[in-house]
Amino acid sequence: MLGILFNDKECKELDYVLRKELDEMLLDLGDSRLDGEIKQAITRRYRIVFRMFARIAPPRELSRYALRVNHNQR
């Protein structure tokens, strides 16, 4: 296990980067041109990034993405 200390500005930046990455993956998952294997790989990556986001996000924001991750796992 690794630990990292962030100041407030760095934490906000990490929050922004993770949020944008999650949004981008959600767009990719909605793309009908991508096949199943690609979407499975994106879903696996989404889960990892979501868990990282869950460590720093407020519960209100977390629930916004948690609902979508459950939807994409079907």
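The rules we used
- Residues numbered from 1 in each chain as written.
- Predicted model: local features only at pLDDT ≥ 70, side-chain atom pairs only at ≥ 80, totals over all residues.
- Heavy atoms only, no water.
- Phe/Tyr/Trp six-rings, centres within 6.5 Å; stacked < 30°, edge-to-face > 60°.
- Helix = DSSP H or I, 4+ residues; strand = E, 2+ residues; numbered from the N terminus.
- Core = buried A, V, L, I, M, F, W, Y, C linked by side-chain atoms within 4.5 Å.
- Buried < 20%, exposed > 50% of the residue type's maximum accessible area, 1.4 Å probe, protein only.
- Contact = heavy atoms within 4.5 Å.
- Expected span 1.5 Å × (residues − 1).
- Arc of directions from axis to C-beta.

Novice: So what's going on with the packing of aromatic side chains? Residues and values would help.
Specialist: Applying the stated criterion to the full structure yields two aromatic pairs. Considering the side-chain rings of Tyr-46 and Phe-50, the 6.5 Å spacing of their centres and the 10° angle between planes classify their relative orientation as stacked. Of this pair, Tyr-46 and Phe-50 both sit in helix H2 (residues 36-54), separated by four residues, roughly a single helical turn.

Novice: I'd love a proper account of the nonpolar core, names of residues and values included.
Specialist: Side chains of nonpolar character tend, in soluble globular proteins, to be buried together. Within the largest apolar cluster, 12 residues are counted, these being Leu-18, Leu-22, Met-25, Leu-26, Leu-29, Ile-42, Tyr-46, Val-49, Phe-50, Phe-53, Ala-57 and Tyr-65. Secondary-structure elements contributing two or more residues to this core are helix H1 (8-29) and H2. Look past the residues within four positions of Phe-50 in its chain and what remains in contact with it is Leu-22, Leu-62, Tyr-65 and Ala-66.

Novice: With reference to specific residues and values, describe H1.
Specialist: Given a rise of 1.5 Å per residue, 22 residues ought to cover 32 Å, and the 32 Å separating the end C-alpha atoms of H1 matches this to within 8%. Within H1, burial applies to Asp-15, Leu-18, Arg-19, Leu-22, Met-25, Leu-26 and Leu-29. One face of H1 carries all of its buried residues, which in axial projection span an arc of 130°. The outward face of H1, more than 90 degrees from its buried face, is lined by the exposed residues Lys-9, Lys-12 and Leu-27.

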